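A closer look at the structure
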Amino acid sequence: MKKKRLYIFAALFTVFSLTAQAQTDDKTLTVQNNGKEEKIDVPEAMTTDLDSLMNLYKAKTYLKPDTDCNMPDINPVYDSAVYKDRLSKLPTVIEMPYNGIVQAFIDRYTGQLRRKVAYMLGAQNFYLPTFEDALESYNLPLELKYLPVIESALDPNAKSHAGAVGLWQFVLKTARKYGLKVNSLVDERRDMVRASYAAAHYLSDLYKTYGDWNLVIAAYNCGKDQLNKAIRRSRGERDYWKIYPKLPAETRGYVPAFIAANYVMNYYCDHNICPLTTDLPQQTDTVMVNHDIHFEQIAQVLNISVDELEDLNPQYRRDIVNGRSELAALRLPEALIPVFIDKEDSVVNTDVKDYKPKRTEVEVAGGSNNYTVNKNKVVFEKKAGDTEKVSSDDSGNEDDSQETVSKSSSRRHSSKRSSSKSSKNSSKSKKKKKKQTSKSVSIREGDTLSEIAERNNTTVSKLKKLNKISGNNIRAGKKIRVK
């Protein structure tokens, strides 16, 4: 019996894969608008190759075809009144009207993209709880959780032709405005939790500006400048469907695609779409590190794959957790957190191929002089025959301990006074810092210690210690110390 089930599973998966390869996504959609045929651009995520989605770590590890689903691979066609009625019944705050353009996007999702919809219906289980928590924290409509369906097709590694990155497709300027760190080693646009809260904050700000959710969704896609231009060209109109002709080509399809995504993610059964089944990953938690650590070092000591580490920590662009400049969060399966804490020194000291930690000291030979460079000082040393050796630190203050050339007494005293003053300032700064480190936040409805720790760059164990919590029960509305 087991063998038979395995054969069925293999056959279904093969059919699924072959159909995925055969599927092609057009970049435009032909619609009827006021009796005229019109071509509009579809959101870029609708053209994502299904093979690339199925090769993501979570898809390969936790998603599989539903062998109990016997629906025919046929997309039923309904009367327009049926679609209109179904949209009106969705429990949404955002207006979900029906027209020919919305219908064209519903047809695309339920027809040509039905296998991609099956993927997204399975993959949503990894992401939607976090999306909903972020939206709830800003008191936003929960149907906005389907924005990443049209933004990224639920691909955390998605990158658009315009440089937008991640599930919520932040461009660099907006990402930095909403507190997401982007540098050579880190791109927090790929961090599901941070990006979701940044997106909720951004959507909240857009609603304060426009007061209409269709306009907010349009602005999220094309930016406020483009939307404002369309409003001006439409003589101040603030109805999305009235400014529609003045919008950029992709934005014209963006709101209809959002409405269609809400439709298909709720009425997929009526179109014979079988979601992929999901085995939810094990619970995870974060630990803060103060070293630069390569994923290979963690993998060797903790016996976890680099692929899994990359999936859990997509914000680290080069597989390096850069905790040296400031504390950095490392997400691991919950069971491995105490193991990592116990073996952290072993992890840091593990040699791995193709990874060389940053050097803190190098010797440079050039011209007639030799230079020694270390983290805080540059030592200038002349070749044999010369006796002068001068050392200076970053601020330009001279270091008397290494000075072999006689300097004026006043200069040495000046350096010492400067050093003394610097020491006092440093001491004051530390005291001030101590006063400012204590921080409390309010517990939101549905919050867990793990989520609070994630949002505030700390760990569950530290939260428990700070607040003298023995179990895991916390109360919404109460204050909890995070620093």
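This one's a predicted model, so the numbers in the text were calculated from it and none came from an experiment. (Residues numbered from 1 in each chain as written. Predicted model: local features only at pLDDT ≥ 70, side-chain atom pairs only at ≥ 80, totals over all residues. Heavy atoms only, no water.)

1. As for the packing of helix α9 (residues 192-210) against helix α11 (residues 224-233)
What counts here: Axis geometry follows a simple rule: fit a line to the C-alpha atoms, using only the stretch in contact for helices, then measure angles between N-to-C directions, giving values from 0 to 180 degrees. Helix numbering and strand numbering both begin at the N terminus, where a helix is a DSSP run of H or I of at least 4 residues and a strand a DSSP run of E of at least 2. Oblique is the label for any angle not covered by the other classes, which are roughly parallel (under 35 degrees), roughly antiparallel (over 145) and roughly perpendicular (65 to 115). With the far helix as reference, a near helix turned anticlockwise by less than a right angle produces a left-handed crossing, and one turned clockwise produces a right-handed crossing. By definition, residues are in contact when any of their heavy atoms lie within 4.5 Å. Classification used: nonpolar for Ala, Val, Leu, Ile, Met, Phe, Trp, Tyr, Cys and Pro, charged for Asp, Glu, Lys and Arg, polar for all others including Gly.
The geometry of α9 relative to α11 is characterised by a closest axis approach of 13 Å and an angle of 20° between their N-to-C directions. Relative to α11, the element α9 is oriented roughly parallel. At the point where α9 passes α11, the crossing takes the right-handed sense. Contacts between α9 and α11 involve L206, T209 and Y210 from the first element and K224, L227, N228 and I231 from the second. For the contact of α9 with α11, the class distribution of residues is four nonpolar, two polar and one charged.

2. Quick word on the pattern of salt bridges
Under the convention used in this document: A side-chain nitrogen of Lys or Arg and a carboxyl oxygen of Asp or Glu constitute a salt bridge if their distance falls within 4 Å. We call a residue buried when its accessible area falls under 20% of the maximum for its residue type, exposed when it is over 50%, and partly exposed in between, using a 1.4 Å probe and counting protein chains only.
Counted according to the given criterion, the structure contains 11 salt bridges. One salt bridge in this structure joins K89 and D85, with 3.0 Å as the shortest N-O distance. Residue K89 and its partner D85 are both found in helix α4 (residues 80-89); the two are separated by four residues, about one turn of the helix. Among the residues examined, K89 registers a relative accessible area of 57% and is labelled exposed. A salt bridge links E326 to K181, with the shortest nitrogen-to-oxygen separation between them at 3.0 Å. In this pair, E326 is assigned in the loop between β7 (320-322) and β8 (328-333) and K181 in the loop between α8 (172-177) and α9, connecting sequence segments 145 residues apart. Judged by relative accessible area, which is 31%, K181 ranks as partly exposed. Overlapping salt bridges bring together D73, R114 and R115 as one network.

3. Some remarks on the state of the cysteines
The criterion, for reference: The term disulfide is used for any two cysteine sulfur atoms that are within 2.5 Å.
Evaluated as defined, the whole model comprises one disulfide. Between C69 and C274 runs a disulfide, and the two sulfur atoms are separated by 1.6 Å. Residues C69 and C274 are joined through a disulfide that is left-handed, its torsion about the S-S bond being -55°. Of this pair, C69 sits in the loop between β3 (63-64) and α4 while C274 sits in the loop between α13 (249-267) and β4 (277-278), placing them 205 residues apart in sequence. C269 takes part in no disulfide bond, and the closest cysteine sulfur, belonging to C69, lies 7.5 Å away.

4. Observations concerning α13
Every α-helical turn comprises 3.6 residues, leaving residues that sit three or four positions apart pointing alike. To keep things clear, this is the line we draw: An expected span of 1.5 Å times one less than the residue number is assigned to each helix. Here the bend at a residue is taken as the angle between two axes, fitted respectively to the seven residues that end there and the seven that start there.
Along its 19 residues, α13 runs 28 Å from first to last C-alpha, staying within 8% of the 27 Å computed at 1.5 Å per residue. Of all the bends in α13, the greatest reaches close to 30° and is centred on V255; the proline P256 follows between one and four positions later. The element α13 is largely enclosed, with a buried count of 16 among its 19 residues.

5. Digging into the pairing of β8
Defined as follows: In this scheme, strands are said to pair when DSSP sees at least two bridges between them.
With six of six residues buried, β8 lies mostly within the body of the structure. Bridge count for strand β5 (residues 284-289) against β8 is six bridges, and the pairing is antiparallel. Counted as the bridge partner of T286 is R331 from β8.

6. Some details on the side chain of S204
Counting through the fold element by element, S204 comes out in helix α9. If sequence neighbours within four positions are ignored, S204 has contacts with Y138 and L140.

7. Regarding the confidence of the model for the protein
Heads up, the rule is: In predicted models, pLDDT denotes the confidence assigned by the predictor to each residue on a 0 to 100 scale.
When pLDDT is averaged along the protein, the result is 82; 79% of the residues meet or exceed 70. A low-confidence stretch, residues 1-25 (pLDDT under 50), is modelled with 27 contacts involving residues beyond four sequence positions or located in other chains. Note that pLDDT drops below 50 for residues 375-422; the model gives that stretch 56 contacts with residues more than four away or on any other chain.

8. Some points on unusual backbone geometry
Phi angles above zero are rare outside glycine, and A153 is one such case at about 55°. By the element assignment, A153 lies in the loop between α7 (147-152) and α8. If you check the backbone angles, D319 has positive phi at about 60° while not being a glycine. Along the chain, the position of D319 falls in the loop between α15 (306-312) and β7.

9. Some remarks on helix α10 (residues 213-222)
The condition is simple: Under the rule applied, a polar contact is a pair of N or O atoms within 3.5 Å (in protein, one hydrogen donor and one hydrogen acceptor; residues adjacent in sequence only if both atoms are side-chain atoms).
Most of α10 is tucked away, with nine of its 10 residues classed as buried. Every buried residue belonging to α10 is among W213, N214, L215, V216, I217, A218, A219, Y220 and C222, and all of these are buried. Where α10 is buried, its residues contact α7, α9, α11, α12 (240-243) and α13. Its side-chain oxygen at 3.0 Å from the backbone nitrogen of N214, D212 defines the N-terminal cap of α10. One or two residues past the end of α10 sits G223, with phi positive at roughly 95°.

10. A short note on empty space enclosed by the protein
Just so we agree on the cut-off: Of the two site types, the cavity is a set of points on a 1 Å grid over the protein atoms alone where a 1.4 Å probe fits but cannot get out, and the pocket is an open set with protein on both sides within 12 Å along at least five of seven lines, each lined by residues with an atom within 4 Å of a point. Grid points are joined across faces, edges and corners, and a volume is the space filled by probe spheres set on the points.
Enumeration over the complete set of coordinates arrives at one cavity of 30 Å³ or more. The volume enclosed by the largest cavity comes to roughly 30 Å³. Around the largest cavity, the lining residues are L56, K58, A59, Y119, F126, Y127, P156 and D311. Here the lining of the largest cavity gets three residues from one element, more than from any other, and that element is helix α6 (residues 114-137). Across the lining of the largest cavity, the residue classes break down as six nonpolar, no polar and two charged.

11. So, the environment of L330
As for its position among the elements, L330 is in strand β8. With relative accessibility at 0%, the residue L330 sits in the buried group. Note: C-alpha distance between L330 and V287 (43 residues apart in sequence) is 5.3 Å. Contacts of L330, omitting those with residues within four sequence positions, involve D285, T286, V287, I298, N313, V321 and F340.

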